[in-house]
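Listed here are the chains, written in short residue letters.
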Amino acid sequence: MCPIPTSSAHLPGGLILVVEDDPLILEFLCEILQEEGFKVEPQTSADAASQYLEAHAPEVALLLTDITMPGTLNGADLANLVGDRWPDKPVMVMSGYETPETSGVRHPVAFIKKPWAIGQLLDCVDGAFKSKAPRLH
């Protein structure tokens, strides 16, 4: 079990925008996150996720995206868009082929290499939330 974060925006129930072009991986990711108490919004392309963010950005607590995807935008482009427009929103990227550095991600992100184990995925999600948690002074 992950420790319970102190910020209410990061408690289970926060909406995670999950972007993955492989339908089986997308479904598996969503099931894992839902079992942990998160709400998920699945999208099969960075283009569709970008449109979703335009309308629903305040509701999205975390972006979780694959890097390599077909379409106008890839996951690195989507991560950069979020970093530019919503710099306080945590972003987690995953790939079996690239890293954030090799794909052109310009902002700090959490990264997990495919294939991952469920525990690694959940630890990375937790770390992504903590990376953007408000600092207590």
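These numbers were taken from a predicted model, which means no experiment stands behind them.

About the criteria used
Residues numbered from 1 in each chain as written. Predicted model: local features only at pLDDT ≥ 70, side-chain atom pairs only at ≥ 80, totals over all residues. Heavy atoms only, no water. UniProt positions renumbered as here; feature names shortened; annotations may be inferred. Helix = DSSP H or I, 4+ residues; strand = E, 2+ residues; numbered from the N terminus. Buried < 20%, exposed > 50% of the residue type's maximum accessible area, 1.4 Å probe, protein only. Core = buried A, V, L, I, M, F, W, Y, C linked by side-chain atoms within 4.5 Å. Contact = heavy atoms within 4.5 Å. Phe/Tyr/Trp six-rings, centres within 6.5 Å; stacked < 30°, edge-to-face > 60°.

## Examining the UniProt feature "modified residue: 4-aspartylphosphate" (unreviewed entry) in the protein
Logical step 1: Mapped onto the present numbering, the UniProt feature "modified residue: 4-aspartylphosphate" (unreviewed entry) falls at Asp66.
Logical step 2: On the secondary structure map, Asp66 appears in strand S3 (residues 60-66).
Logical step 3: Residue classification places Asp66 among the buried residues on the basis of a relative accessible area of 6%.

## Observations regarding the nonpolar core
Logical step 1: Counting 23 residues, the largest nonpolar core has Ile16, Val18, Leu33, Leu64, Met92 and Val125 as its most contacted members.
Logical step 2: Elements that contribute at least two residues to this core include exactly strand S1 (15-19), helix H1 (23-35), S3, strand S4 (91-95), strand S5 (110-113) and helix H5 (118-131).
Logical step 3: The contact partners of Val18, leaving out residues within four places of it in the chain, are Leu26, Leu29, Cys30, Leu33, Val40, Glu41, Pro42, Gln43 and Leu64.

## Regarding the packing of aromatic side chains
Logical step 1: Within the structure shown, the criterion is met by 2 aromatic pairs.
Logical step 2: A ring pair is formed by Phe28 and Trp116, whose centres lie 5.9 Å apart and whose planes are at 0 degrees; its orientation type is stacked. Here Phe28 is found in helix H1, whereas its partner Trp116 is found in the loop between S5 and H5, with 88 residues between them in sequence.
Logical step 3: Of the residues examined, Phe28 reaches a relative accessible area of 38% and is grouped as partly exposed.
Logical step 4: Ring geometry for Phe38 against Phe129: centres 5.8 Å apart, planes inclined by 15 degrees, an arrangement best described as stacked. One end of the pair, Phe38, is in the loop between H1 and strand S2 (39-43); the other, Phe129, is in helix H5, and 91 residues separate them in sequence.

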